[in-house]
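Okay, here's what each chain looks like letter by letter:
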Amino acid sequence: MTDLDQLTQSLARNLRRLRTERGFTLDTLAARAGISRGMLIQIEQARTNPSVGTVVKVGDALGVSITTLLDFDRGPAVRLVTGDQAVRLWSTEAGSHSTLLAGTEAPGPLELWRWRLMPGEGSDSDPHPVGTSELVHVTAGELTLVLDGEDHRVPAGASASYESHVPHSYRNDGPEPVDFMMAVSVPSA
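Residue numbers here run from 1 along each chain, matching the order of that chain's written sequence. Where totals are concerned, whole chains, interfaces and linings use all residues; where local detail is concerned, this predicted model gives features only for residues with pLDDT of at least 70, and gives and counts side-chain atom pairs only at 80 or more. With hydrogens and water set aside, each side-chain value is computed from the structure's full complement of heavy atoms.

1. Digging into the pattern of salt bridges
A side chain with one charge may pair with a side chain of the opposite charge, provided their charged atoms come close.
Next up, step 1: Salt bridge, as applied in this entry: a Lys or Arg side-chain nitrogen positioned within 4 Å of an Asp or Glu carboxyl oxygen. Enumeration according to the criterion identifies 8 salt bridges in this entry.
Next up, step 2: For Glu 44, the salt bridge identified is with Arg 19, shortest N-O distance 2.5 Å. With Glu 44 in helix α3 (residues 37-44) and Arg 19 in helix α1 (residues 3-21), this pair connects stretches of sequence that are 25 residues apart. Here the two residues Glu 44 and Arg 19 agree in accessibility, since each one is buried.
Next up, step 3: Across the pair Asp 173 and Arg 153 runs a salt bridge whose closest N-O atoms are separated by 3.2 Å. Taken together, the residues Asp 173 in the loop between β9 (168-171) and β10 (178-185) and Arg 153 in strand β7 (residues 150-155) connect sequence positions 20 residues apart.
Next up, step 4: One network of salt bridges, in which partners are shared, links Asp 151, Arg 153, Arg 171 and Asp 173. Strands here are runs of E lasting at least two residues and helices are runs of H or I lasting at least four, both read from the DSSP assignment and numbered beginning at the N terminus. Categorising residues by exposure relies on relative accessible area from a 1.4 Å probe, with only protein chains included: less than 20% of the type maximum marks a residue as buried, more than 50% marks it as exposed, and the intermediate range marks it as partly exposed.

Given below as structure tokens:
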């Protein structure tokens, strides 16, 4: 395979992946880039070698660089976040806290959290955008999950999934600390 063939294959693969991750149809991306739908089809099927200008237009429409579109060494991306790089977003003097462990943007924001709630403490959350889902898994204690005013008890070892586009909160009504993991998936804009 020649270098040009390899770049054409890389462009096809990366364009298809990035378009799909962003939820763009061929027509949507063509309109954003100011090129024809047919040209996009040919690029995604590696049947053409587009001009640099066309690649720039596609990259701009996707919000990525030419380098990203042509990157043929790129394998599955792994972003390692060590414990000391995790971000503690809130804490109380009693010891309750939440820590953002990791996140990604594909296809929409996806976050992984570690929480601790001390006895008698809680945290309120405003409604998230419609389509947002959360998963919790309690590892110690019993979490009181309040969803749109209704209490749900989640004991250690149990998990819960719910849509979080309504007011919700997390409470520890018990005598022991509550530890839980949470994943939050927000729909792409």
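After presenting the structure, the write-up continues.
2. What to know about the packing of aromatic side chains
Next up, step 1: For Phe, Tyr and Trp, where Trp contributes only its six-membered ring, two rings pair if their centres lie within 6.5 Å, and the inter-plane angle classes them as stacked under 30 degrees, edge-to-face over 60, or tilted in between. This structure, assessed with the given rule, holds 5 aromatic pairs.
Next up, step 2: Relative to Trp 115, the ring of Trp 90 lies with its centre 5.5 Å away and its plane at 70°, an arrangement referred to as edge-to-face. With Trp 90 in strand β1 (residues 87-91) and Trp 115 in strand β3 (residues 110-117), the pair connects residues that are 25 residues apart, well separated along the chain.
Next up, step 3: By relative accessible area, Trp 115 is classed as buried at 7%.
Next up, step 4: Ring geometry for Tyr 170 versus Phe 180: centroids 6.0 Å apart, planes at 35°, classification tilted. Within this pair, whereas Tyr 170 is found in strand β9, its partner Phe 180 is found in strand β10, the two being separated by 10 residues in sequence.
Next up, step 5: An aromatic cluster of three or more residues is present, and its members are Trp 90, Trp 113, Trp 115, Tyr 170 and Phe 180.

3. Points about the layout of surface pockets
Next up, step 1: In this structure, the second largest pocket spans a volume of roughly 180 Å³.
Next up, step 2: Only protein atoms enter the calculation, which uses a 1 Å grid: trapped sets of points that fit a 1.4 Å probe without letting it out are cavities, open sets showing protein on both sides within 12 Å along at least five of seven lines are pockets, and any residue with an atom within 4 Å of a point is a lining residue. Lining the second largest pocket are 14 residues; nearest its centre among them are Trp 113, Trp 115, Ser 125, His 128 and Tyr 170.
Next up, step 3: Among the elements of the structure, β1, β3, β4 (122-125) and β10 are those that each provide at least two residues to the lining of the second largest pocket.
Next up, step 4: Gly counts as polar in this scheme, as do all residues outside two lists: the nonpolar Ala, Val, Leu, Ile, Met, Phe, Trp, Tyr, Cys and Pro, and the charged Asp, Glu, Lys and Arg. For the lining of the second largest pocket, the per-class residue count stands at 7 nonpolar, 4 polar and 3 charged. Grid points are joined across faces, edges and corners, and a volume is the space filled by probe spheres set on the points.

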